[in-house]
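Letter by letter, the chains look like this.
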Amino acid sequence: MTNLQVTELERIDKQIEAQEERVRLANIRFYHKDRHGMGEWNELDRLQTERELILTGVEWDHFGSGTVLIKDRFIYSLKTGKWRVQGKNTWYRSKGLKHFVDNYANKGDTAR
């Protein structure tokens, strides 16, 4: 792991910890309601997927609301796991982040 990855992991771990506290408080606040927004839970899922992305070591950057740009080519949705090629409008489903990175983002790379 590079020094940058360690710094990113520390940052994301702090964010995940804070978000877990928000989810805990939301569970208390909404225990009696049948319908409520899932924003706190969705954000926790996004942060956990972002942590997995950091651990893969692939080059990526934030692209938009809940999406990341991987290797300046693929747009990946952190919540749903859907992905597309930048410039195209067809979205595909992935089995998971690791499967996507191994089979699409790193496809053709001999040295990983």
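One can find the structure itself at the top, above this paragraph.
Analysis parameters
Residues numbered from 1 in each chain as written. Predicted model: local features only at pLDDT ≥ 70, side-chain atom pairs only at ≥ 80, totals over all residues. Heavy atoms only, no water. Salt bridge = Lys/Arg side-chain N within 4 Å of Asp/Glu carboxyl O. Helix = DSSP H or I, 4+ residues; strand = E, 2+ residues; numbered from the N terminus. Buried < 20%, exposed > 50% of the residue type's maximum accessible area, 1.4 Å probe, protein only. Contact = heavy atoms within 4.5 Å. Arc of directions from axis to C-beta. Phe/Tyr/Trp six-rings, centres within 6.5 Å; stacked < 30°, edge-to-face > 60°.

Caption draft 1: Region of the structure containing the pattern of salt bridges. Under the criterion given, the structure shown has seven salt bridges. Linking Glu43 and Arg46 is a salt bridge whose minimum nitrogen-to-oxygen distance equals 3.1 Å. Taken as a pair, Glu43 and Arg46 lie in helix H2 (residues 39–56) at a separation of three residues, close to a single helical turn. Using a relative accessible area of 24% as the deciding quantity, one classes Arg46 as partly exposed. The partner of Asp102 in a salt bridge is Lys98, with the nearest N and O atoms 3.1 Å apart. Of the two residues, Asp102 and Lys98 are both situated in helix H3 (residues 97–105); the distance of four residues between them amounts to about one turn of the helix. What makes Lys98 exposed here is its relative accessible area of 57%. Via salt bridges that share partners, Glu8, Arg11 and Glu50 belong to a single interconnected network.

Caption draft 2: Summary view of the side chain of Ser77. Relative to the elements of secondary structure, Ser77 occurs in strand E3 (residues 74–77). Those residues in contact with Ser77 that lie beyond four places of it in its chain are Gly66, Thr67, Lys82 and Trp91.

Caption draft 3: Local environment of H3. Along H3, the residues classified as buried are Leu97, Phe100, Val101 and Ala105. Seen along its axis, H3 keeps its buried residues to an arc of 95°; they face one direction. Tucked inside the fold, the buried residues of H3 contact H2, strand E2 (67–70), E3 and strand E4 (82–85).

Caption draft 4: Region of the structure containing the packing of aromatic side chains. The full count for this structure, using the stated rule, is seven aromatic pairs. Measuring from ring centre to ring centre gives 5.5 Å for Phe74 and Phe100, while their planes differ by 90°; the resulting arrangement is edge-to-face. Highlighted residues: Phe74 in strand E3 and Phe100 in helix H3, separated in sequence by 26 residues. Look at Phe74 and you get buried, because its relative accessible area is 5%. The buried category is assigned to Phe100, whose relative accessible area is 0%. On the basis of an interplanar angle of 35° and a centroid distance of 4.9 Å, the ring pair of Trp83 and Tyr92 is categorised as tilted.

Functional significance is not addressed by these values, which are geometric in nature.
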